[in-house]
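Observations on the three-dimensional arrangement
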Amino acid sequence: VLKSILHSLLDLSWISKIQVNQPAVLRRAQQIQARRTVKKEWQAAWLLKAVTFIDLTTLAGDDTYSNIQRLCYKAKYPIREDLLEALNMHDKGITTAAVCVYPARVCDAVKALKAAGCTIPVASVATGFPAGQTHLKTRLEEVKLAVEDGATEIDVVINRTLVLTGQWEALYDEIRQFRKACGKAHLKTILATGELGSLTNVYKASMIAMMAGSDFIKTSTGKETVNATFPVAIVMLRAIRDFFWKTGKKIGFKPAGGIRSAKDSLAWLSLIKEELGDEWLKPELFRIGASALLSDIERQIYHHVTGRYAAYHDLPMC
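Per chain, residue numbering runs from 1 following the sequence as it is written. With pLDDT at 70 or above as the cut-off, local features in this predicted model cover only qualifying residues; side-chain atom pairs require 80 or more to be listed or tallied, and sums for whole chains, interfaces and linings still use all residues. Side-chain calculation: all heavy atoms of the structure are included, whereas hydrogens and water are not.

1. Looking at the UniProt feature "active site" (unreviewed entry) in the chain
Under the UniProt annotation, the feature "active site" (unreviewed entry) is placed at Lys218 and Lys254. Spanning 37 residues, the named residues nonetheless gather at one spot, since no C-alpha pair among them exceeds 4.5 Å. By the element assignment, Lys218 lies in strand S6 (residues 216–218). If sequence neighbours within four positions are ignored, Lys218 has contacts with Asp155, Thr189, Ile190, Leu191, Ala192, Met236, Lys254 and Ala256. Put simply, DSSP H or I for four residues or longer makes a helix, DSSP E for two residues or longer makes a strand, and each gets a number counted from the N terminus. By the element assignment, Lys254 lies in strand S7 (residues 252–254). When its relative accessible area of 1% is taken as the criterion, Lys254 is described as buried. By definition, residues are in contact when any of their heavy atoms lie within 4.5 Å. Ignoring anything within four residues of it in the chain, the contact list for Lys254 reads Asp55, Asp155, Lys188, Phe216, Ile217, Lys218, Thr219, Arg287, Ile288 and Gly289. For the purposes of these results, a polar contact is taken to be a pair of N or O atoms within 3.5 Å, where, inside protein, one atom must be able to donate a hydrogen and its partner to accept one; residues adjacent in sequence count only when each atom of the pair is a side-chain atom. A distance of 2.8 Å separates polar atoms of two side chains, one belonging to Lys254 and the other to Asp55. UniProt positions are given in the numbering used here, feature names are shortened, and annotations may be inferred rather than shown by experiment. Relative accessibility under 20% of the residue-type maximum defines a buried residue, over 50% an exposed one, and the middle range a partly exposed one, all with a 1.4 Å probe and only protein chains included.

Next up, the structure:
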């Protein structure tokens, strides 16, 4: 009975009719990239807003407690206090949206954030990140362990094989199991769009992930050859909009991988504003997965306040 109820949420007739107009998507992407950015105090305001959407991330093989601790401190204090004071923003509680780490480092992040006296969420990648090629039982156990250790957001990776071979029902079932394993934790489903073969597959995978109960859909692991791109984002955002129109449910969006400059972050915020509207410009519905981005945003804020660019030692990262 439960399985039949779950499958009532899956609409394969909708999936079968999908066909993405690639030339139109590419034209729209060019418009975004060609747009002039905001300047001066408007730019500073948008950059501070961008900080609040960042899932500050470290996914390195040499992660240790000490660098997780530094990452968490930076998440709580993302911009130097004197720069915020100059902008009269020092009392606004600006932090990053979350800290994102490997499952084995979740306890370290929870401990460090507790020691820093803040309640920033801990996100954990899981399910055989980044390839997603381990056994399903192992991937589900990884989700459960990360939640037990204190992660309140789980970034899962899908099995790309299911998309490339058109096994949409199997993909749906897999994500439903991830959803159940997450419990009360937020489920962010990474599509690894650079490995899905076509924009039509990106749309279909986005729709299946949302039907299966994902709270967010995310572009990439950051480990693929091609990560977050504007054409892929446009397709995913249109899928989110279509899903909202059909169901009334708002699903979040997270681009990740290769977003390193302040200018890039402004383009992403503009895209969200134009495609989904201001109501999506909040951490509950929009995140940016990044590690180096925050450094450049702080550098641009420094330039706005002082009129000169910071030396490397003026703005240590982590």
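2. Description of the pattern of salt bridges
Definition used for salt bridges: Asp or Glu carboxyl oxygen within 4 Å of a side-chain nitrogen of Lys or Arg. All told, the structure shown has 22 salt bridges when counted by the stated rule. A salt bridge links Glu274 to Arg28, with the nearest nitrogen and oxygen atoms 2.9 Å apart. Here Glu274 is found in helix H13 (residues 262–275), whereas its partner Arg28 is found in helix H3 (residues 22–34), with 246 residues between them in sequence. The partner of Asp91 in a salt bridge is Lys92, and the shortest N-O contact between them spans 3.1 Å. Judged by its relative accessible area of 48%, Lys92 falls in the partly exposed class. Within the structure, one salt-bridge network assembled from shared partners comprises Asp55, Glu153, Asp155, Lys188, Lys218, Lys254 and Arg287.

3. As for the sheet that holds S6
Taken together, the 8 strands give an open sheet; going across it, the order is S7-S6-S5-S4-S3-S2-S1-S8, and neighbouring strands pair in parallel fashion. Since the sheet does not close on itself, it has two edges, and those belong to S7 and strand S8 (288–290), each with one partner. Mean inter-strand twist for the sheet, computed between neighbouring axes without regard to direction, equals 25 degrees. Summarising the sheet, strand S3 (residues 122–126) and strand S4 (residues 153–157) pair through 4 bridges and their orientation is parallel. Within S4, the residue paired with Ala126 across the bridge is Val156. Axis definition: a line fit to C-alpha positions, over the contact stretch in the case of helices; interaxial angles, taken between N-to-C directions, run 0 to 180 degrees. Across the sheet, helix H7 (residues 106–115) is in contact with strand S2 (98–101) and S3; its angle to S3 comes to roughly 175 degrees. What makes two strands pair is DSSP finding at least two bridges between them.

4. Side note on the environment of Pro283
Within the secondary structure, Pro283 is located in the loop between H13 and S8. On the basis of relative accessibility, which here comes to 26%, the residue Pro283 falls in the partly exposed class. Residues Pro283 and Ala50, 233 residues apart in the sequence, show an inter-C-alpha distance of 9.6 Å. Excluding its chain neighbours within four sequence positions, the residues that come into contact with Pro283 are Thr52, Phe53, Ala97 and Phe216.

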